[in-house]
Amino acid sequence: MTKGLEARTYEERLRELGLTDDDDIKVMLRGSFFWKVKTHRPRKQRLYRLQEDGMTIWFETRFKKAYSQHVFSILHIESVREGYQSEGLRKYGGCFPEDQCFTIVFRGKRKNLDLAAISVNEAQQWVRGLKKLMARGEAMSQREKLEHWIHDMLHQADKNKDNKMSFKEIKNMLRMINIDMNDIYAYRLFKECDRSNNDRLEEYEIEEFCTRLMERPELKEIFHRYSGEDCVLSAEELREFLHDQGEEATIKRATDIIQTYELNERARQHNLMMLDGFMMYLLSSAGDVLNQNHTEIYQDMSQPLCHYFISSSHNTYLTDNQIGGASSTEAYIRALMKGCRCVELDCWEGSNGEPIIYHGHTLTSKILFRDVIESIRDYAFKHSSYPLILSLENHCGLEQQSTMARHMKAILGDMLLTQPLDGDVPKQLPSPEQLKWKILVKGKKLPEGKNELDRCNFSNPEEEMQDEEDDRSISSLQEIKPLQAKDAIQISRELSDVVVYCQAVPFQSLSRALHNQQSNEMSSFSERKARKLIKESGNQFVRYNTRHLSRIYPQGLKVNSSNYNPQEMWNAGCQLVALNFQTPGAEMDLNDGRFSVNGSCGYVLKPAFLRNTQSSFDPEAPGRRAGQRPVALTIKVITAQQLPKLNKEKNSSIVDPFVRIEIYGVPVDCCKKQTEYQLNNGFNPRWNETLTFQVRIPELALVRFVVEDYDTTSANDFVGQFTLPLLSLREGYRHIHLLSKDGTSLSPATLFVHVRCKKM
């Protein structure tokens, strides 16, 4: 499996990547000196170099005359931008020619790396080289990622770099990969592989040791159950396995799988599958717990906007908390690239006639409204082609409001929707399909017969009181004198005219809104107000949300920008459930899980009972409904593979993992169950424990798989998680590819489970 890992030269590894003769890769392997641009006066150049594995970048930093070495993986890069295409380079890159600059954008919360090269040619070579390596990384199978991971561990464990492994180095490697193997067993395995009997593992001996270490006995058991004594799967035997998995079970399908995943050419020619090919298949997307058909657009996108859950961000401009965190255009880009379809812009009066965006009454930094609109123009439709809503919180005077409108028109051009599609506001909202590639503005609009010099009361007294309370509390924490609230304000005609389908109106009562509110009018609710409506008038609130958009936002008192549970708002049919995207945690996991389906386009069709204007559904007491059958969900947690080491500084620290499965849905469905913990094994822990759940409203339910490190004396540590809608969960034997706290891949870390979902 890991053929001569340490003995292979980097040329051989790059030949496997198909990049041996690539001039750009050769430059990267030699290394280049770059300036890291983070101030107006960059420090000395640093050496950056592609490592021999072809998938890792090495660099050296200096702090107070002390040097330290660092690496980052190509797999952790989200994109590479050329020129002044980051906030950092636009701000600090002026002392370098634009064509010598580029930005490495990382997945998750890691900050961008802005670099300036010595020459244009060197910058272009690195940009091209990085993009080639990223494309190769995206195309890597789970097996290849696993081999890359093992190679990296071996390289780190080989302290004297002699391409041989002593028992001490092997033990060190075992701790690095999160397994505390018994010394007697580890030494016996070491000696069995030490064919040369010199207390050193060399080339093929290392290969044998790694092969034995990576064995998956649970997969071997399943394979032999279907293959019989000859230890190979025929197309007919694989068809039987597919049938038991609940998949398309035809000979043609079985043959296609063999031809795609079988590694042995002779077996492939005879239409047979061996254990390695079977493992490749189960580790691929075809064996994923998430229904791969749901990763494409598969829902009806021609219904009114209010019939969809819409991925929405609160305080989108913030990269940290709402008291003193930094505001950044990069935060908008990250949200948009995650599929967010409603971003918030808190607009305030700025100097030189230019409106700014920041969290008012606080110490958060300020960014120009114009810069934000330019970033939105560039990234609005890179991830999703469906409409984007700009939620304006307007604290500007008439002059700067007009400036905002002019900036949006000039910068966004035809993307900005300024007129109803058919020339008049319809009785119901248009669909995402009709509004493809369009940007909508949510904001206040001048009433008929009013001009911009008239003062209009747009506020809801109850929400106004709460917001002022929150602002005062936040301000007192920082000893800042709060500004005067500006809810009863004048609206610029130019700004009013760009509001079409998302007109913000004060909410007075559900009965009044249901009778009087127009389809293009919508209201915003704090999480507290929304909970009150759900508790006191749940069914009426559901009916309101079948006709109108509603936006829910977190309490202002959450100074650390923590989030609320979005599920309770989705249960009532609320569409724009806005969360702090910069704050990782279970709440954002639920949001990511909800919108991981339907092509991750940011729009998910609500269940039929949340779209019916005569719905009798009450989220607090859902009851049984005609045509809806509850589900009995049975999940056997079998094993985990290559869980990440939490304390990398402490070699002896090994995780004691357990798995918790959480169901989120209507209150009666919410449930959490967990396995026992496995002592000192994050490499290949085995549980074989079965957890069962009854779910009454499966259309709303999300399933969250969580792995934690058990601790007897303090809170358990988070290891990884994966969340998905229950109706997108595939039955049978499945791998779950775990994600980190900020939603990035923990590859090659997986869970292996068996799922059964039976209607009751």
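Residues numbered from 1 in each chain as written. Predicted model: local features only at pLDDT ≥ 70, side-chain atom pairs only at ≥ 80, totals over all residues. Heavy atoms only, no water.

**Considerations on the side chain of N681**
Line of reasoning, step 1. Relative to the helices and strands, N681 is located in the loop between β28 (671-674) and β29 (686-695).
Line of reasoning, step 2. Discounting chain neighbours no more than four positions away, the residues touching N681 are N178, I179, I654, V655 and P657. (Helix = DSSP H or I, 4+ residues; strand = E, 2+ residues; numbered from the N terminus. Contact = heavy atoms within 4.5 Å.)

**Details of the UniProt feature "domain: EF-hand" (unreviewed entry) in the chain**
Line of reasoning, step 1. Under the UniProt annotation, the feature "domain: EF-hand" (unreviewed entry) is placed at residues 145-180.
Line of reasoning, step 2. Counting secondary structure, residues 145-180 comes out at 64% helix and 6% strand; the distance between its end C-alpha atoms is 23 Å. (UniProt positions renumbered as here; feature names shortened; annotations may be inferred.)

**A word on the environment of Q401**
Line of reasoning, step 1. Its location among the elements puts Q401 in helix α16 (residues 398-412).
Line of reasoning, step 2. Distance in space between the C-alpha atoms of Q401 and S496 is 9.2 Å, their sequence separation being 95 residues.
Line of reasoning, step 3. When sequence neighbours within four positions are dropped, the list of residues in contact with Q401 reads N394, C396, Q490, I491, S492 and L495.
Line of reasoning, step 4. A distance of 2.8 Å separates a polar side-chain atom of Q401 from the backbone nitrogen of S492. (Polar contact = N/O pair within 3.5 Å; in protein donor to acceptor, adjacent residues only side chain to side chain.)

**So, the confidence of the model for the chain**
Line of reasoning, step 1. Averaged over all residues, the pLDDT of the chain is 88; the fraction at 70 or higher stands at 91%.
Line of reasoning, step 2. In the predicted structure, residues 1-10 sits below a pLDDT of 50 and forms 31 contacts with residues beyond four places in sequence or in another chain.
Line of reasoning, step 3. Segment residues 460-469 is flagged for pLDDT under 50; beyond a separation of four residues in sequence, or across chains, it makes 15 contacts in the model. (pLDDT = per-residue confidence, 0-100.)

**Here we look at the domain arrangement of the chain**
Line of reasoning, step 1. Examined at the domain level, the chain breaks down into domain 1 (10-139), domain 2 (143-214), domain 3 (228-287), domain 4 (305-447 + 486-610) and domain 5 (631-759).
Line of reasoning, step 2. Domain 2 and domain 4 are separated by 53 Å when their C-alpha centres are compared. (Domains from an automatic or database assignment.)

**Here's the deal with the pairing of strand β2 (residues 46-50)**
Line of reasoning, step 1. Here β2 shows a buried face lined by R46, Y48 and L50 and an unburied face lined by L47 and R49.
Line of reasoning, step 2. Bridging between strand β1 (residues 32-36) and β2 involves three bridges; their strand directions are antiparallel. Within the sheet, the bridge partner assigned to F34 lies in β2 and is R46. (Buried < 20%, exposed > 50% of the residue type's maximum accessible area, 1.4 Å probe, protein only. Pairing = 2+ DSSP bridges.)

**Side note on the pairing of strand β22 (residues 521-526)**
Line of reasoning, step 1. Counted residue by residue, β22 has five buried out of six residues, so it is predominantly covered.
Line of reasoning, step 2. For strand β21 (residues 499-504) and β22, the ladder comprises two bridges, and the chain directions are parallel. Across the sheet, the residue bridging to A504 is M522, located in β22.
Line of reasoning, step 3. Here β22 pairs with strand β23 (residues 550-553) via four bridges, running parallel. The residue of β23 that forms the bridge with S524 is R551.
Line of reasoning, step 4. For the crossover that starts at β22, traverses helix α20 (residues 527-547) and ends in the parallel β23, the hand is right-handed. (Right-handed = clockwise from strand over helix to strand, strands pointing away.)

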